[in-house]
Amino acid sequence: MAHDDHSHGAPDPHERLTSRVKAIESLLVEKGLLDPAAMAKMIDMYESRIGPRNGAKAVARAWTDADYRHRLLSDATAALAELGFTGMQGEEVIVVENTPDVHNLIVCTLCSCYPWPTLGLPPNWYKSPAYRSRAVIDPRGVLREFGVEVPDSTEVRVWDSNSELRYMVLPQRPNGAEGLSEAELAELVTRDSMIGVGFPAPVSGQGASS
Ligand code: FE
């Protein structure tokens, strides 16, 4: 939880980059070269479709391969590199495991540090001041807003990512998933479940009442 290493005294490189990108975006929209709706669609694709699929594959591997799970929990950076998930904003990753006793929640209290190679781009709410402060002060309240009820008997642990170290959650495998292949399991893994603000999708015919 220490944030001493956070190099935020100097202008934050993410925020500088964000301002530059916003300036370029406005210019392109103004010149009629960019359609804001298409842009929003593209961002959504990287935020919630393409990006987090890498993390989902690592989770599904950990669910099906006990040795891999052990490596992922003991040295996530190396275990993720085994699957090719390395690079900028993923130089040092720690994976924390949800169990019936512990529910983990990821935040970056100072900006938006996030493991890009496994989760893609951080969603807007992750970068919002409200999430960043409230995740620490009232994690159960935040979880409730995301529709996640954690029983009182389960400890909630909040992990503060920073520019050197980024966290990712290994969610619990849903009930009834025993017969599923690794690829089928990966389909169940949501981005939010790897941040700790959601659960994996239920196995069809299990859990959810639809
Ligand atoms: Fe940060």
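All values reported here derive from a predicted model rather than from experimental measurement.

S.K.: Please explain the pattern of salt bridges as it appears in this structure.
M.R.: Counting across every chain of the model gives nine salt bridges. One salt bridge connects Arg 69 with Glu 97, and the closest N-O pair in it is separated by 2.7 Å. On the criterion of sequence distance, the pair formed by Arg 69 in helix H3 (residues 66-74) and Glu 97 in strand E1 (residues 93-97) is long-range, its members being 28 residues apart. Glu 155 is paired through a salt bridge with Arg 157; the nearest N and O atoms lie 2.9 Å apart. Residue classification places Glu 155 among the partly exposed residues on the basis of a relative accessible area of 39%. Residue classification places Arg 157 among the partly exposed positions, given a relative accessible area of 34%. One connected set of salt bridges, linked through shared partners, spans Arg 134, Asp 138 and Glu 145.

S.K.: It is not clear to me how the side chain of Arg 132 should be interpreted in this structure. Could you clarify?
M.R.: Here Arg 132 shows up in helix H7 (residues 129-137). Within the structure, the side chain of Arg 132 is placed 3.0 Å from the backbone oxygen of Lys 127, a separation counted as a polar contact. Once you skip the residues sitting within four places of it in the chain, Arg 132 turns out to touch Val 107, Cys 108, Thr 109, Leu 110, Cys 111, Tyr 126 and Lys 127.

S.K.: Looking at this structure, how should I read the coordination of the iron ion?
M.R.: Octahedral metals with six donors have ideal donor angles of 90 or 180 degrees. Tetrahedral metals with four donors have an ideal donor angle of 109.5 degrees. Of the protein atoms, only Cys 108 (SG), Cys 111 (SG) and Cys 113 (SG) coordinate the iron ion, at distances of 2.1 to 2.3 Å. Of note, the donors binding the iron ion are all from one chain and are spaced C-x2-C-x1-C. Look at Cys 111 and you get buried, because its relative accessible area is 3%.

S.K.: Explanation requested: the environment of Glu 15 in the structure shown.
M.R.: In this structure, Glu 15 sits in helix H1 (residues 13-30). A relative accessible area of 45% places Glu 15 in the partly exposed class. For Glu 15 and Gly 198, which are 183 residues apart along the polypeptide, the C-alpha to C-alpha distance reads 27 Å. Those residues in contact with Glu 15 that lie beyond four places of it in its chain are Leu 110 and Cys 111.

S.K.: Sorry, what's going on with the packing of aromatic side chains here?
M.R.: We describe a pair of aromatic rings using the distance from one ring centre to the other and the angle between the two ring planes. Counting across every chain of the model gives seven aromatic pairs. Consider the rings of Trp 125 and Tyr 126, whose centres lie 6.2 Å apart with planes at 70 degrees: the pair is edge-to-face. By relative accessible area, Trp 125 is classed as partly exposed at 22%. The class for Tyr 126 is buried, based on a relative accessible area of 0%. Ring geometry for Trp 159 against Tyr 167: centres 5.2 Å apart, planes inclined by 35 degrees, an arrangement best described as tilted. By the ring-pair criterion, three or more aromatic residues cluster together here, those being Tyr 114, Trp 125, Tyr 126, Tyr 131 and Phe 146. Directly above the ring of Tyr 68 sits Arg 61, whose terminal nitrogen or CZ lies 5.9 Å from the centroid.

Here is what the cut-offs are and how they apply
Chains are numbered independently. Their residues run from 1 in the order of the written sequence. Totals for whole chains, interfaces and linings use every residue, but because this is a predicted model, local features are given only for residues with pLDDT of at least 70 and side-chain atom pairs only at 80 or more, for both listing and counting. Just so you know, side-chain values use all the structure's heavy atoms and leave hydrogens and water out. Salt bridges are defined as contacts in which a side-chain nitrogen from Lys or Arg sits within 4 Å of a carboxyl oxygen from Asp or Glu. The helix and strand labels rest on DSSP assignments: H or I over at least four residues marks a helix, E over at least two residues marks a strand, and numbering proceeds from the N terminus. Burial status follows relative accessibility: with a 1.4 Å probe on protein chains alone, a residue under 20% of its type maximum counts as buried, one over 50% as exposed, and anything between as partly exposed. A 3.5 Å cut-off defines polar contacts: any pair of N or O atoms within that distance qualifies, except that in protein one atom must be a possible hydrogen donor and the other a possible acceptor, and neighbouring residues in sequence count only when both atoms are side-chain atoms. Contacts are assigned to residue pairs with any non-hydrogen atoms lying within 4.5 Å of each other. We call an atom a donor if it is N, O or S and sits within 2.8 Å of the metal, or 3.2 Å for Na, K and Ca. Water is not counted, so some sites may look partial. For Phe, Tyr and Trp, rings pair up if their centres lie within 6.5 Å, where Trp contributes its six-membered ring, and each pair is then called stacked (planes under 30 degrees apart), edge-to-face (over 60) or tilted (otherwise). Any Lys NZ or Arg CZ found within 6 Å of a ring centre and within 35 degrees of that ring's normal is scored as a charge over the ring.

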